[in-house]
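A closer look at the structure
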Amino acid sequence: MNQGDILRELIEKKERGIKSFAVLIDPDKINEFGDVVKLVNLCATHKVDYIFVGGSLIVNDNFKTVISAVKSISSIPTIIFPGNSMQIDPSADAILFLSLISGRNPEMLIGQHVHSAPIIKRSKLEVIPTGYMLINSGKQTSASYMSNTTPIPGNKPVIASSTALAGEMLGLQLIYLDGGSGAEEPISESIIKEVENNIDIPLIVGGGLNTIERVTQALNSGADLIVVGTAIEKDQNFLVDVSMKISEMNEALNVH
Ligand code: 1GP
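Just so you know, the residues in each chain are numbered from 1, in the order the chain's sequence is written. Restriction of local features to residues with pLDDT of at least 70 applies here, the model being predicted, together with a cutoff of 80 or more for giving and counting side-chain atom pairs; totals for whole chains, interfaces and linings are based on all residues. For side-chain calculations, the full set of non-hydrogen atoms in the structure is used, while hydrogens and water are omitted.

As for a nonpolar patch on the surface
So the rule is basically this: What goes into a patch is any residue over 30% in relative accessible area without a salt bridge, connected to like charges within 9 Å or, for nonpolar side chains (Val, Leu, Ile, Met, Phe, Trp, Tyr), within 5 Å. In short, Shrake-Rupley with a 1.4 Å probe defines the accessible areas, and a residue's cover is counted only from the protein chains shown. A pair is scored as a salt bridge if a Lys or Arg side-chain nitrogen falls within 4 Å of a carboxyl oxygen belonging to Asp or Glu. In this text, helices come from DSSP runs of H or I with a minimum length of four residues, and strands from runs of E with a minimum of two, each type numbered from the N-terminal end.
Together, L57, V59, Y145 and M146 make up an exposed nonpolar region whose accessible area comes to about 440 Å². Along the chain, the position of Y145 falls in helix α5 (residues 142–147).

In structure tokens form, the structure reads like this:
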């Protein structure tokens, strides 16, 4: 399998210290088609780097509609962040092929992957092998409940870094530390730093990033790409603030 354009770009950005911003659209939270159009236009205006589409449980029929809307009105790379093997759509640009390495549920480590691999191969989506790690964020999240896994304790950085390192040694190309959608607490500075210090592959951080202080802390601790969903569902102005913060950090590196 060749390294695709999106992964290559993330690796290059990491080497240069450039930070990136992904907006997560959960199709279940979309009530009207016009909502997606408005949000995607805002993402384009404020130079959001990636749009993630997916959810732990999608009960409506919006998944494909959201992806086709994003693709038809923007050129922002659209990446599927699947909650299960049903969330595949060839019109996206890439899929995070998630192995839930923080858990011990074989279905989430390899089972769902066996079902989806032939379909994904036919789809021609860029496949990004990703070590997905749920970190305890204070209350049970949909991701931990739906995946039937126990998250890594939020105060055990060495368990997190050893897990991420094992994922890298197994050949995974990204690590995604997730507190879960709407997490009460974001992932701690010590967990992000410890993981970042132990791996060379790009690091994604998400879950509960709902203030600029939290976003800044995640980025300064070593996140290469941050993902924000819930806070933007509540207030789209937050997208503008995060985008400005990231531009400011990248400009300080003297990169454009
Ligand atoms: C969840 O990391 C994402 O999987 C985003 O989390 O919705 O809390 O921003 P939020």
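After that view, the rundown keeps rolling.
A short note on helix α8 (residues 212–221)
Cut-off, in case you're wondering: Whether a residue is buried, partly exposed or exposed follows from its accessible area with a 1.4 Å probe, protein chains only, as a fraction of its type maximum: under 20%, in between, or over 50%, in that order.
Buried within α8 are the following residues: R214, V215, T216, A218, L219 and S221. Looking one or two residues past α8, G222 carries a phi angle of roughly 135°, positive in sign.

Quick word on the site of the ligand
Condition: Being near a molecule or strand, for a residue, means having at least one of its heavy atoms within 4 Å of it. Classification used: nonpolar for Ala, Val, Leu, Ile, Met, Phe, Trp, Tyr, Cys and Pro, charged for Asp, Glu, Lys and Arg, polar for all others including Gly.
Among the 14 residues in the neighbourhood of the ligand, the closest are listed as D178, G182, G208, G229 and T230. Protein contacts shield 96% of the accessible area of the ligand, which totals 300 Å² for the unbound molecule. Taken together, the residues that form the shell around the ligand break down as five nonpolar, eight polar and one charged.

Here we look at the sheet that holds strand β3 (residues 78–80)
Threshold: In this scheme, strands are said to pair when DSSP sees at least two bridges between them. Comment: axis = line fitted to C-alpha atoms, over the contacting stretch for helices; angle = value between 0 and 180 degrees taken between N-to-C directions. Note on contacts: a residue pair qualifies if any of its non-hydrogen atoms lie within 4.5 Å across the two residues.
Around the barrel, which closes on itself, the eight strands sit in the order β1-β2-β3-β4-β5-β6-β7-β8 with parallel pairing between neighbours. Neighbour-to-neighbour, the strand axes of this sheet turn through a mean angle of 30°, independent of strand direction. Sitting on the sheet, helix α4 (residues 106–123) is in contact with β4 (94–100) and β5 (126–134), with an inclination near 155° to β4.

Focus: the packing of α8 against helix α10 (residues 237–252)
Quick note on the threshold: Note: crossing handedness is left-handed where the near helix turns anticlockwise from the far helix by less than a right angle, and right-handed where it turns clockwise.
Two numbers describe how α8 lies on α10: the axes approach to 10 Å, and their chain directions differ by 35°. Crossing geometry of α8 relative to α10 is assigned as right-handed. Contacts between α8 and α10 pair I212, V215, T216, L219 and N220 from the former with F238, D241, V242, K245, I246 and M249 from the latter. Looking at the contact of α8 with α10 residue by residue, the classes come out as seven nonpolar, two polar and two charged.

Looking at the nonpolar core
Rule in force here: Throughout, nonpolar core names a set of buried Ala, Val, Leu, Ile, Met, Phe, Trp, Tyr and Cys residues whose side chains join them through atoms within 4.5 Å.
In this structure, F21, M133, I175, L177, V195, I226 and L239 are the most contacted members of the largest nonpolar core, which totals 56 residues. Sequence-distant contacts of F21, defined by excluding residues within four places in its chain, comprise V48, D49, Y50, L225, I226, V228, I232, L239, V242, S243 and I246. In terms of nonpolar packing, the next biggest core, distinct from the first, is built from 23 residues, L24, Y50, F81 and I204 among them.

Regarding the packing of aromatic side chains
As a reminder, the rule being used: The criterion for an aromatic pair is that two Phe, Tyr or Trp rings (for Trp, the six-membered ring) have centres within 6.5 Å, with stacked assigned to planes under 30 degrees apart, edge-to-face to planes over 60 apart and tilted to the rest.
All told, the structure shown has five aromatic pairs when counted by the stated rule. Geometrically, the ring pair formed by F52 and F81 is tilted, given 6.0 Å between the ring centres and 50° between the ring planes. On the criterion of sequence distance, the pair formed by F52 in strand β2 (residues 50–53) and F81 in the loop between β3 and β4 is long-range, its members being 29 residues apart. Considered together, F52 and F81 belong to a single accessibility category, that of buried residues. Judged by centre distance (5.2 Å) and plane angle (75°), the rings of Y132 and Y176 are edge-to-face. Note that Y132 is positioned in strand β5 and Y176 in strand β6 (residues 174–178), a separation of 44 residues in sequence. By the burial criterion, Y132 is buried, and Y176 matches it. An aromatic cluster is present here, built from F52, F81, Y132 and Y176 joined pairwise through their rings.

Details of α4
Selection criterion: A helix is expected to span 1.5 Å for every residue after the first. Here the bend at each residue means the angle between axes fitted to two seven-residue stretches, the one ending at that residue and the one beginning there. The term polar contact refers here to a pair of N or O atoms within 3.5 Å; inside protein, the definition further demands a hydrogen-donor-capable atom paired with an acceptor-capable atom, and it admits residues adjacent in sequence only when both atoms are side-chain atoms.
Here α4 contains 18 residues, and its C-alpha end-to-end distance of 25 Å stays within 8% of the 26 Å for a straight helix at 1.5 Å per residue. In α4, a bend of some 45° at S116 exceeds every other bend along the element, and P118, a proline, comes one to four places later. Of the positions making up α4, those classed as buried are M108, G111, Q112, H113, S116, I120 and S123. Along its buried surface, α4 packs onto β4, β5 and α5. Looking at where α4 begins, the residue whose side-chain oxygen comes 3.0 Å from the main-chain nitrogen of E107 is N105. With its phi angle positive at about 70°, K124 sits one or two positions after the end of α4.

Describing the pattern of salt bridges
Inspection of the entire model under this criterion finds 10 salt bridges. Note that E196 is salt-bridged to K14, the shortest N-O span being 3.4 Å. Of this pair, E196 sits in helix α7 (residues 189–198) while K14 is found in helix α1 (residues 5–16), placing the two residues 182 residues apart along the sequence. On the accessibility criterion, E196 (25% relative accessible area) is partly exposed. A relative accessible area of 17% means that K14 is categorised as buried. The partner of D26 in a salt bridge is K29, and the shortest N-O contact between them spans 3.7 Å. Among the residues examined, K29 registers a relative accessible area of 41% and is labelled partly exposed. Connected through salt bridges with shared partners, the residues E9, K13 and D49 form a single ionic network.

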